[in-house]
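# Geometric and topological summary
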Amino acid sequence: VHAAHPDVTIIWAPRHLDRLDDVEEMLDGADLPWLRRSALDETSAAPPPVILLDTLGELATLYGVADIAFVGATLVPLGGHNLLEPASHGVPVLFGPNTQNVSTSADALLTFGGGNEVHDGIELAEAVIRLLNSPDERVRMGQAAATAVQSGLGALERTIALLARLGL
């Protein structure tokens, strides 16, 4: 991705902060310049290619300024994390095939065209580059992601009403 778009900043947000050391080793092994989010300030020069999110409570805000999101724990059999969080910000969502924990969300994103499934790092990089090269597609996909989220609003109320009608 950086060869095709050297100005791109990747924000890597580990699910658990106790994994930061492992992620840092991976980044060092990939020879990618990176910096922890907590080390950034207003006086910092241009951000490095990778910012490692080592703070709590900022991911939702960062999704709001993202152009594309890849949601982890989906390329490996871990079941996936919250796909709708970036989608609710109108961000196109990329994810792997292991979406057992978020299958309804994945299905909605695929149905509405707000998400794409990738199967490995190569497909992920290709999808990111394609979307970076196609601003119109990126906007369309982001709008579709937001529509997918909107389509599910009110599900709790509909379920309660159905249960009431069934006398449950």
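Predicted, not measured: the structure shown is a model, and the values here were computed from it.

Within the chain, the regular secondary structure consists of 7 helices and 6 strands. Ordering the α and β elements of the chain from the N terminus gives β-α-β-β-α-β-α-β-α-β-α-α-α. The principal-axis extents of the C-alpha atoms in the chain amount to approximately 60 × 35 × 35 Å. Considering the chain as a whole, with its 168 residues, one finds that 32% of them fall into the buried category. Long-range pairs, those at least 24 residues apart, make up 46% of the contacts in the chain between residues at least 6 apart in sequence. Across the chain, the mean location of the 9 positive side-chain charges is 11 Å away from that of the 22 negative side-chain charges.

Here the focus is the sheet that holds strand β1 (residues 10-12). With respect to topology, 3 strands assemble into an open sheet ordered β1-β3-β2, the strand pairing being parallel. In this open sheet, the two edge strands, each paired with only one partner strand, are β1 and β2 (34-36). Neighbour-to-neighbour, the strand axes of the sheet open up by a mean angle of 25°, direction not taken into account. Taken together, the 3 bridges between β2 and strand β3 (residues 50-52) define a ladder with parallel strand orientation. Of the residues in β3, the one forming a bridge with W34 is V50. With respect to the sheet, helix α1 (residues 20-29) is in contact with β1, β2 and β3, its orientation differing from that of β2 by roughly 165°.

In this section: the environment of A13. The residue A13 is located in the loop between β1 and α1 in this model. Accessibility expressed as a relative area gives 29% for A13, which makes it partly exposed.

Read across the sheet, 3 strands follow the order β4-β5-β6 without closing on themselves; strand pairing throughout is parallel. Bordering the open sheet on either side are β4 (69-71) and β6 (115-117), each of which pairs with just one other strand. Neighbour to neighbour, the strand axes of the sheet diverge by 25° on average, direction disregarded. Pairing geometry for β4 and strand β5 (residues 93-95), over 3 bridges, is parallel. Looking at the pairing, V71 lines up with F95 of β5. Running over the sheet, helix α5 (residues 121-133) touches β4, β5 and β6 and is turned about 170° from β5.

What follows concerns the packing of α5 against helix α6 (residues 135-152). As a packed pair, α5 and α6 sit with axes 5 Å apart at the nearest point and diverge in direction by 105°. In this view, α5 runs roughly perpendicular relative to α6, as classed from their interaxial angle. Contact residues: α5 offers R130, L131, L132 and N133, while α6 offers P135, E137, R138 and M141. Across the contact of α5 with α6, the residue classes tally to 4 nonpolar, 1 polar and 3 charged.

The next point concerns the packing of helix α4 (residues 103-112) against α6. Packing of α4 against α6 brings their axes to within 8 Å, and their N-to-C directions diverge by 130°. Of the possible angle classes, the one that applies to α4 and α6 is oblique. Handedness of the crossing formed by α4 with α6: right-handed. Contact residues: α4 offers A108, L109 and F112, while α6 offers A144, A145, T147, A148 and S151. Residue composition of the contact of α4 with α6, by class: 6 nonpolar, 2 polar and no charged.

It is worth spelling out unusual backbone geometry at this point. Trans peptide bonds make up most of the peptide bonds, and negative phi angles are found at most residues other than glycine. One non-glycine residue, D31, lies in the positive phi region at around 60°. D31 gets classed as exposed once you look at its relative accessible area, which sits at 68%. Here the phi dihedral of A73 falls at roughly 60°; this positive angle occurs in a residue that is not glycine. As for its placement among the helices and strands, A73 is situated in the loop between β4 and α3 (84-87).

Cut-offs and rules
Residues numbered from 1 in each chain as written. Predicted model: local features only at pLDDT ≥ 70, side-chain atom pairs only at ≥ 80, totals over all residues. Heavy atoms only, no water. Helix = DSSP H or I, 4+ residues; strand = E, 2+ residues; numbered from the N terminus. Buried < 20%, exposed > 50% of the residue type's maximum accessible area, 1.4 Å probe, protein only. Contact = heavy atoms within 4.5 Å. Lys, Arg positive; Asp, Glu negative; His and termini not counted. Charge placed at Lys NZ, Arg CZ, Asp CG, Glu CD. Pairing = 2+ DSSP bridges. Axes fitted to C-alpha atoms, helices over the stretch in contact; angles between N-to-C directions. Parallel < 35°, antiparallel > 145°, perpendicular 65-115°, else oblique. Nonpolar A, V, L, I, M, F, W, Y, C, P; charged D, E, K, R; others polar. Left-handed = near helix turned anticlockwise from the far one by under 90°.

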